[in-house]
Structure formats: structure tokens, C-alpha cells
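Here are the chains, one letter per residue:
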Amino acid sequence: MSVLGVYIHIPYCLQRCTYCDFATYVHTEIRPPQEYVALVKKEISDKKNLFRPQELKTIYFGGGTPSLISAELIVDLISELAKFGYTTGPQTEITIEINPATVDERKLEIYLKAGINRFSVGAQSFSDRLLKMVHREHNADQTKQTLTLLRKYKLNFSFDLLFALPTQTLNELRHDVEVAVELGSKHISPYCLTVPEGHPLSKNRPLEEEQIEMFQIIHDALTRHGQSRYEISNYAVPGFESQHNLLYWTDHEYWGLGLSAHSYSKDSPWGSRFWNPNSLDIYARQALSGAAQLSSQVEVLEKHQALTDFCHTSLRLSEGLSVDKLVQKFGSETSNQVKDLTQALIQHQLLTFQDQSYRLTEKGILISNQIFEKFTFLKSDLA
Ligand SMILES: C[S@@+](CC[C@H](N)C(=O)[O-])C[C@H]1O[C@@H](n2cnc3c(N)ncnc32)[C@H](O)[C@@H]1O
Ligand code: SF4
């Protein structure tokens, strides 16, 4: 059944964290949130026919720090979508990314009244030393206070952990994981720090074997506490997976609104992708002009591109790349071509074939990017 998720980007932050490459600005350096939200509302109204109005599967407020702007503005965006038939119901998962110490009870109650029912907290670490090192605005106690508030309201929350930080020790990592499981979240996203070569945070990183050990420590601790890895960097108690992120990995449509947001539509045989600019001024100009998506911001996919995306996103999931779904979408000839590619990887224990699906092994997950390269197709590759 076709479902639709909406992602709304809120590019305001208290500070720029050293490692972050998301499209965000320090909140005092750009136009006030009301003006930005007015632009996004105009984008909704101008692009309302790009998808079929329906009850949404998910809405996801990401950033930046959506919890930094007023809760009323967030609610306003949910109402604006509903105005054009993109409604929410009891089954709709509405997630907001919050930073520690940016949400109080008043804000929380406004969120809850609007149907927001999932909170993704950017904890990153419970070591004040490491938080300071990456220019985080909060300390570990403030994170714990925020998580305690969410627990007080018995809410569904997740949090992000960043690991393999420069000079981070295995014991510091163990401590982060211990605190993480103690805090009782049903969903945790451990992200291995990724920074370009030469970046200040690329120095003094834990050695590769230590990073692998960190990965293992996280995996063992979370699985021991009832969470399963459903995606390379995502663990959840079964039933608490992020429905919004699952849309990205299971070939469903999503509509990205706001600065730098990406969309995927099945409006053509192999689908199309379109995205908004990374610059706030260009985004504002485009939104105000009401102009249709610039061709430079649209990609109508061809079969080999759709196959590449399908393989990459499916292999990220523990349930893997399903042969049935491959045949259904691309036909048996193409599915056999993919099968041929998997044989050597299975022999090297990087992939397994289980329940009609190709899945990354523990060993395969550690070099997943290299494996994805093998499933990157050119037009000439497909018969
Ligand atoms: C959209 S970001 C930011 C969310 C929120 N503003 C925050 O900082 O907590 C979502 C997550 O991506 C992860 N992330 C950001 N930059 C990263 C990087 N360079 N390498 C790995 N993970 C990163 C962080 O864990 C972060 O919580
Ligand atoms: S608060 Fe989050 S989005 Fe903002 S700069 Fe830091 S990591 Fe990036």
C-alpha cells in the first residue's frame, strides 16, 4: 500500500557543533523562525499537488534543532499540511528532534496536544569532557533531565549517541552505553563519527580495531537489553522502530519541506528525487517566487539508479534485500544479475542468504560502504 511521510527541516541551532555537516545556522544569525516557517507554509501550498493528499504515515521535524523554535510554530506546520489534505490520524508517527535543555513542560504539552508522539534526543555522549570537545551546548546532566522529563510523561523517545570521538576511551564508551540503557529508551541510534580528512576532529581518533570494539560493545549491550539492530545505525525494542526512517529504507514516498530537504516520488516508472537548496537565501527566493522545482534540483531515476538505491537501502536493514521484492520491482532477469553479484560476497561471509533475503553479516556491516559499491549500477550493467 502506498504511504507517505513528510520531513520538515528546521535549520536553527544554539551553536554549530564542530562535526556537523547538516544545513543549519546559529539562530541569531538568520531570519527569525516565524519568517522561515512562513516560507515553508508557502512551499506546502505551492507544492500541494506533488503528492496525493492523504492521512500521513509519518511527519518528522528534523534539523538543526526543531525544539529551539516556539512549539506554536511547529504546530502551525502540522495544521498547514492538514489544510491541504495531508492529515494526521492516531496511527501517524510524528517525531521531533530535540536537543537537551531546549524543552520544558509547557512546550512538551503543546507538542503532545498537536499529536507529536515520538522524541529523538541528541544526547551524543554522557561525558562532559567529550561534549565540550565537540562544542555541544549542553552537559550530561541536562540530557538526563530532558530524558527524565520524557520518562515522567511516559513518552516514546529515542536518542542519538556519537562514538569513536577523538581521544574517546573504551571505558568512556562503556559508560555512555551503560547510562543509555539505564535511561530506558526503546530506541537508540549509535552513530560512528564521520568527518572529512583533515577535519580538526579527524585527529586522535580511536584506532580502527578500537572503533570495531566500540561497535561490538554497543551491539552487545543494546541486544542484551532487549533492543535489536534493525538498521546499521539503529536499534530498537521490537515495535519501536522509527517508522519515518523505515520509509527511506523501504522504497516508500516522502516529501521533504524546508531548507535542504529531499523528496522521493513514484510519479515516473523508476521514481524521481527532488531537493531544496542548502542556502537559506536561495531557498527563500525560490519559496517566495513560487517557482516549480528547478531542473537542477530534480532527478528522474532510470532503472539502474533505482536498482542501486533499492539495493543500498535494503541492505542497510537487518531484514536485508528481498528476492521477491527485487523481482516484483525489477523483474527476474535483473534479480538474477543481483544474485550473481552476491555469490562472492556470500563466500567471503560478508553476506548471508536467509529467508529469501540477502543480508549483511557482522563482518559485512563493518565494511558496508565497500559492499554497497558492488551494488552501484551503471546503465550499461543492466541487460
Ligand atoms: C540531524 S542531526 C542533529 C540533531 C540535533 N540537532 C542534535 O544535534 O542533537 C542527527 C544526528 O546525526 C548525528 N550526526 C551529526 N553529524 C554527524 C557526523 N559528522 N558523524 C556522525 N553522526 C553525525 C548526531 O548523532 C545527530 O544527533
Ligand atoms: S545542534 Fe545538531 S544540527 Fe545543530 S550543529 Fe549541532 S549537531 Fe548539527
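All of the points below concern the structure found in this document. Predicted, not measured: the structure shown is a model, and the values here were computed from it. (Residues numbered from 1 in each chain as written. Chains lettered and ligands numbered in written order. Predicted model: local features only at pLDDT ≥ 70, side-chain atom pairs only at ≥ 80, totals over all residues. Heavy atoms only, no water.)

**A few points about the packing of helix α1 (residues 33-46) against helix α2 (residues 71-83)**
Then, number 1: Two elements in contact, α1 and α2, have axes whose closest approach is 10 Å; the angle formed by their N-to-C orientations is 10°. In terms of orientation, α1 lies roughly parallel with respect to α2. From α1, P33, Q34, V37, V40, K41 and I44 reach across to α2, where they touch L73, D76, L77, E80 and L81.
Then, number 2: Of the residues that constitute the contact of α1 with α2, the class distribution is 7 nonpolar, 1 polar and 3 charged. (Axes fitted to C-alpha atoms, helices over the stretch in contact; angles between N-to-C directions. Helix = DSSP H or I, 4+ residues; strand = E, 2+ residues; numbered from the N terminus. Parallel < 35°, antiparallel > 145°, perpendicular 65-115°, else oblique. Contact = heavy atoms within 4.5 Å. Nonpolar A, V, L, I, M, F, W, Y, C, P; charged D, E, K, R; others polar.)

**Some points on the site of ligand 1**
Then, number 1: Surveying the vicinity of ligand 1 reveals 16 residues, the closest of which are G64, Q124, R136, D160 and T194.
Then, number 2: Note that a nitrogen atom of ligand 1 is positioned 3.0 Å from one of the backbone N or O atoms of Y19.
Then, number 3: Contributing elements (two or more residues each) for the shell around ligand 1: β6 (118-124), β7 (157-163) and β8 (187-192).
Then, number 4: Per-class residue counts for the shell around ligand 1 are 6 nonpolar, 7 polar and 3 charged. (Near = heavy atom within 4 Å. Polar contact = N/O pair within 3.5 Å; in protein donor to acceptor, adjacent residues only side chain to side chain.)

**Considering the site of ligand 2**
Then, number 1: Neighbouring ligand 2 are C13, Q15, R16, C17, Y19, C20, T24, G64, T65, N99 and R136.
Then, number 2: Here the residues of the shell around ligand 2 sort into 4 nonpolar, 5 polar and 2 charged.

**Remarks on unusual backbone geometry**
Then, number 1: That bond from G63 to G64 is cis: its omega, 10°, falls within 30 degrees of zero.
Then, number 2: Here G64 is to be found in the loop between β4 (58-63) and α2.
Then, number 3: Although it is not a glycine, T167 adopts a positive phi angle of roughly 65°.
Then, number 4: Despite not being glycine, D355 has its phi angle at roughly 50°, a positive value.
Then, number 5: By the secondary structure assignment, D355 is in the loop between β16 (351-354) and β17 (357-360).

**Quick notes on the packing of helix α11 (residues 323-330) against helix α12 (residues 332-347)**
Then, number 1: The N-to-C vectors of α11 and α12 enclose an angle of 135°; their axes lie 7 Å apart at closest approach. Comparing the axis directions of α11 and α12 gives the class oblique. The way α11 lies across α12 gives a crossing that is right-handed. Of α12, the residues touching α11 (which contributes V323, L326, V327 and F330) are S332, T334, S335 and V338.
Then, number 2: Per-class residue counts for the contact of α11 with α12 are 5 nonpolar, 3 polar and no charged. (Left-handed = near helix turned anticlockwise from the far one by under 90°.)

**Observations concerning helix α3 (residues 105-113)**
Then, number 1: Buried within α3 are the following residues: K107, L108 and Y111. Along the axis of α3, the buried positions cluster into a sector of 100°, meaning they face one direction only. Of the residues in α3, the exposed ones pointing more than 90 degrees away from the buried face are R106 and K113.
Then, number 2: Positive phi shows up at G115, right after α3, with a value of about 95°. (Buried < 20%, exposed > 50% of the residue type's maximum accessible area, 1.4 Å probe, protein only. Arc of directions from axis to C-beta.)

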